[in-house]
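One-letter residues, chain by chain:
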Amino acid sequence: MEVDILFFALYRELAGTARMRMTLSSGCVVSDVVTRLKAGGGGLTSLPSQPVVAVNREYVPLSTPLSSGDEVAFIPPVSGG
Amino acid sequence: MEVDILFFALYRELAGTARMRMTLSSGCVVSDVVTRLKAGGGGLTSLPSQPVVAVNREYVPLSTPLSSGDEVAFIPPVSGG
Amino acid sequence: MSATPSPPVESPSSPPPFARITDAPLDGEALLARIAHPSHGAQLLFLGVVRDMNEGKEVEGIRYEAFREMAEPVLLSLLRSAQDQWPGVRAGAEHRFGHLHVGEASVMVAVSSPHRAEAYEASRWIMDELKQSLPVWKEELYRDGESQWLKGNSPVSNRGEE
Amino acid sequence: MSATPSPPVESPSSPPPFARITDAPLDGEALLARIAHPSHGAQLLFLGVVRDMNEGKEVEGIRYEAFREMAEPVLLSLLRSAQDQWPGVRAGAEHRFGHLHVGEASVMVAVSSPHRAEAYEASRWIMDELKQSLPVWKEELYRDGESQWLKGNSPVSNRGEE
């Protein structure tokens, strides 16, 4: 299955892109995506091991199972206001 | 000596006027004015015996001595806002 | 004599606050602009508005009466006291008098400050104090043609009883 | 699937709040007008404004980045939660994104309520929560040409860790 990955702010700069697609085997959870990204080399090796993630625009635990077409957003510490 | 007396809101309605002059002997304090007004008959008999009073636009105790030309304002409970 | 107004004391760092008693409609944006400061990250505007109901009666409007010559300095002194209690805060306020309709603002308090906590605290304090001591009175006018002076608060002499 | 957004729950008595993430200048008066209600006597408008200094550095402006598609529902859900906690309160908020100059408002929260205590409490709560969870980031741009992403807060998953 494929998921969409979004990066914002500092994480966007680490990734060098705002958006990518990733192919996962079924049964994968959010933390599998984190592991893959950190192992991929480049700026994303410095992604925290437990980043805040939103799936389909809701904050979720890293243990959340993923489905095909899910949007997985990496949320650096927020600083609105 | 003469002082100016001001009435507002409910007290203005009791007095039937917004303003009057009163002649006092020297040495009089604010509470003497209260006594005179309550004794004068009419609506002002129902003035409280210890009303809030401002002399020259500052809240003062009833024991405050008066001088010629002072402005003595009777302040009903306030309800601004 | 005893009641001569004392001269205003300005701290050099904080500008004099702005206070006005007026019969003109209140303009919140204009008041915010007066107290804005480039190093202040928080602005707070409180508006008190005439309600359509009070104590179960349908309200047509409120007639506000003010002792204008005294209310303006009392308000100014409250604002100055807020600026002293929360250093860095700038405050402004206006109270309207005359006949107001439902939905119109009778009072507004604007506060700006470097951070938001002081803005909330100062604004709330100013509103609480203003209701206690500003020589302003409201006569509620009802749809059935009746009217009444609302119960109020008795200001405490700032000199205390002897 | 586990992350499917749940449908909004409206209580019949309180209208849906208003939330917007926008690159247009914020208009406080328009937002107050949206949440006004004839039986509400208190209106409170908070504005967060870009400051000219931060941590000793001269600020030229702030670039706000937002995850718009998520920030708007997160903000709406915060406002709805405030309306639930303070029954009778109506709330609206907007957050701006893009390049803002010193003195421009980046966020505004408007609250109206029958009486003022709830307005202050709800407004403050909304601002505190919004800073914790809204997916918005600020990059401060300094006069010396440098810039940096500001340290922020980590939103907590509303489902908790396993």
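Refer to the structure printed above.
Residues numbered from 1 in each chain as written. Chains lettered and ligands numbered in written order. Predicted model: local features only at pLDDT ≥ 70, side-chain atom pairs only at ≥ 80, totals over all residues. Heavy atoms only, no water.

Q: Just give me the short version of the overall build of chain A, but keep the residues and values in it.
A: Looking only at helices and strands, one finds 2 helices and 5 strands in chain A. Along chain A, helices (α) and strands (β) appear in the sequence β-α-β-α-β-β-β when read from the amino end. Since a compact globule built from 81 residues should have a radius of gyration of about 12 Å, the 12 Å found for chain A is in line with a globular shape. In terms of overall dimensions, chain A has C-alpha extents of about 35 × 30 × 20 Å along its principal axes. The buried share among the 81 residues of chain A stands at 52%. Of the contacts formed within chain A by residues at least 6 apart in sequence, a portion of 49% connects residues at least 24 apart. For chain A, the accessible area works out to roughly 3200 Å², and carbon and sulfur atoms hold 51% of it. On chain A, the mean spot of the 6 positive side-chain charges and the mean spot of the 7 negative ones are 5 Å from each other. (Helix = DSSP H or I, 4+ residues; strand = E, 2+ residues; numbered from the N terminus. Rg over C-alpha atoms; globule rule 2.2 N^0.38 Å. Buried < 20%, exposed > 50% of the residue type's maximum accessible area, 1.4 Å probe, protein only. Contact = heavy atoms within 4.5 Å. Areas by Shrake-Rupley, 256 points an atom, 1.4 Å probe, with all protein chains shown as cover. Lys, Arg positive; Asp, Glu negative; His and termini not counted. Charge placed at Lys NZ, Arg CZ, Asp CG, Glu CD.)

Q: Break down the overall build of chain C for me, with residues and values.
A: Each helix and strand in chain C was counted, giving 3 helices and 9 strands. The order of α-helices and β-strands along chain C, N terminus first, is β-α-β-β-β-α-β-β-β-α-β-β. Partitioning the contacts of chain C with sequence separation of at least 6, the portion at a separation of at least 24 is 74%.

Q: Give me the relation of the copies chain D and chain C: which residues, what numbers.
A: In screw terms, the move from chain D to chain C is a rotation of 180° and a rise of 0.0 Å along the axis, fitting with an RMSD of 0.0 Å. Within this description, the copies of the chain are treated as partners about a two-fold rotation axis. For chain D, the smallest separation between a C-alpha atom and the rotation axis is recorded for D:Leu45, amounting to 2.5 Å. Comparing contact sets, 100% of the residues at the interface of chain D also lie at the interface in chain C, consistent with an isologous, same-surface contact. (Least-squares fit on C-alpha atoms with pLDDT ≥ 70 in both.)

Q: Got a sec to walk through the packing of aromatic side chains? Specific residues and values, please.
A: Summed over all chains, the structure comprises 10 aromatic pairs over all chains. For the pair C:Trp86 and C:Trp125, a centre-to-centre distance of 6.0 Å together with 65° between the ring planes defines the contact as edge-to-face. Taken together, the positions of C:Trp86 in the loop between α2 (68–85) and β5 (90–96) and C:Trp125 in helix α3 (residues 116–133) put the pair 39 residues apart, joining distant regions of the chain. Seen in terms of ring centroids, C:Tyr120 and D:Phe46 are 5.7 Å apart; in terms of plane orientation they differ by 5°. Their pairing is stacked. With C:Tyr120 in helix α3 and D:Phe46 in strand β2 (residues 42–49), this pair bridges two chains. Residue C:Tyr120 is classed as buried on the basis of its relative accessible area of 1%. Among the aromatic residues, those joined into a ring-pair cluster are A:Phe8, D:Phe67 and D:Trp137. (Phe/Tyr/Trp six-rings, centres within 6.5 Å; stacked < 30°, edge-to-face > 60°.)

Q: Any chance you could break down the interface of chain D and chain C for me, citing the residues and the numbers?
A: Put simply, an interface is often sized by how much accessible area is lost when its parts join up. Contacts between the two partners involve 30 residues from chain D and, on the opposite side, 30 residues from chain C. Of the roughly 2600 Å² buried between chain D and chain C, counting both surfaces, carbon and sulfur atoms make up 51%. The tally of links between chain D and chain C comes to 4 salt bridges. Residue C:Glu121 pairs with D:Arg124 through a salt bridge whose shortest N-O separation is 3.5 Å. The tally of links from chain D across to chain C stands at 15 residue pairs in polar contact (both at pLDDT 80 or more). Of all the elements, helix α3 (residues 116–133) of chain D adds the most residues to the side of chain D that touches chain C, at 9 residues. Per-class residue counts for the side of chain D that touches chain C are 14 nonpolar, 7 polar and 9 charged. Where strand β2 (residues 42–49) of chain C meets β2(D), 7 bridges bridge the pair, whose relative direction is antiparallel. (Buried area = accessible area lost by both parts, 1.4 Å probe. Salt bridge = Lys/Arg side-chain N within 4 Å of Asp/Glu carboxyl O. Polar contact = N/O pair within 3.5 Å; in protein donor to acceptor, adjacent residues only side chain to side chain. Nonpolar A, V, L, I, M, F, W, Y, C, P; charged D, E, K, R; others polar. Pairing = 2+ DSSP bridges.)

Q: Give a detailed account of the nonpolar core, specifying residues and quantitative values.
A: Membership of the largest hydrophobic core comes to 96 residues, with the highest contact counts inside it found for A:Ile75, B:Ile75, C:Leu130 and D:Leu130. In this structure, C:Leu45, D:Leu26, D:Ile35 and D:Ala110 belong to the second largest nonpolar core, which totals 22 residues. (Core = buried A, V, L, I, M, F, W, Y, C linked by side-chain atoms within 4.5 Å.)

Q: Describe in detail a negative patch on the surface, supporting the description with residues and values.
A: Among the surface-exposed residues, C:Asp27, C:Glu29, D:Asp27 and D:Glu29 lie close enough to one another that they form a single negatively charged patch. Tracing the backbone through its elements, the reader meets C:Glu29 in helix α1 (residues 28–35). Residue classification places C:Glu29 among the partly exposed positions, given a relative accessible area of 49%. (Patch = residues over 30% accessible without salt bridge, like charges linked within 9 Å, V, L, I, M, F, W, Y side chains within 5 Å.)

Q: Outline the environment of A:Gly27, listing residues and values.
A: All names here are of chain A. Mapped onto the secondary structure, Gly27 falls in the loop between β2 (19–23) and α2 (30–39). For Gly27, a relative accessible area of 63% gives the class exposed. Here the alpha-carbon distance between Gly27 and Pro65, two residues 38 residues apart in the chain, equals 6.5 Å.

Q: A description of the sheet that holds strand β4 (residues 58–60) of chain A should follow, citing residues and the corresponding values.
A: Sheets are built from strands that pair by backbone hydrogen bonding, the pairs being arranged parallel or antiparallel. All names here are of chain A. On the basis of which strands lie adjacent, the open sheet formed by 5 strands has the order β2-β1-β5-β3-β4 and mixed pairing. Unpaired on one side and paired on the other, β2 and β4 mark the two borders of the sheet. Across the sheet, the mean angle separating the axes of adjacent strands is 35° when strand polarity is ignored. Strand direction decides the pairing type here: strand β1 (residues 2–7) and β2, joined by 5 bridges, are antiparallel. Within β2, the position partnered with Glu2 by the bridge is Thr23. (Axes fitted to C-alpha atoms, helices over the stretch in contact; angles between N-to-C directions.)

Q: Quick rundown of the interface of chain A and chain D? Include the residues and the values.
A: Across the boundary between the two partners, chain A contributes 30 residues, which contact 40 residues of chain D. Across the chain A to chain D interface the summed buried area is about 2800 Å²; carbon plus sulfur atoms make up 58%. Contact with chain D buries surface across chain A, with A:Tyr59, A:Val78 and A:Gly81 losing the most and accounting together for 26% of the total. Where chain A touches chain D, the interface holds 1 salt bridge. A salt bridge links D:Glu65 to A:Arg12, with the nearest nitrogen and oxygen atoms 2.5 Å apart. Run the count over chain A and chain D and you get 13 residue pairs in polar contact (both at pLDDT 80 or more). If you list the elements that add at least two residues to the side of chain A that touches chain D, you get α1 (9–15), β3 (52–55), β4 and β5 (71–75) of chain A. Broken down by element, the residue count for the side of chain A that touches chain D peaks at 4 residues, all from α1(A).

Q: Go over the packing of α2(C) against α3(C), please, and point to the residues and values.
A: All names here are of chain C. Contact geometry for α2 and α3: axes closest at 10 Å, N-to-C directions at 150°. Regarding the angle of α2 to α3, the classification is roughly antiparallel. Relative to α3, α2 is oriented so that their crossing is right-handed. Along its contact with α2, which presents Val74, Leu75, Leu78, Leu79, Ser81, Ala82 and Gln85, the element α3 presents Trp125, Ile126, Glu129, Leu130 and Ser133. (Parallel < 35°, antiparallel > 145°, perpendicular 65-115°, else oblique. Left-handed = near helix turned anticlockwise from the far one by under 90°.)

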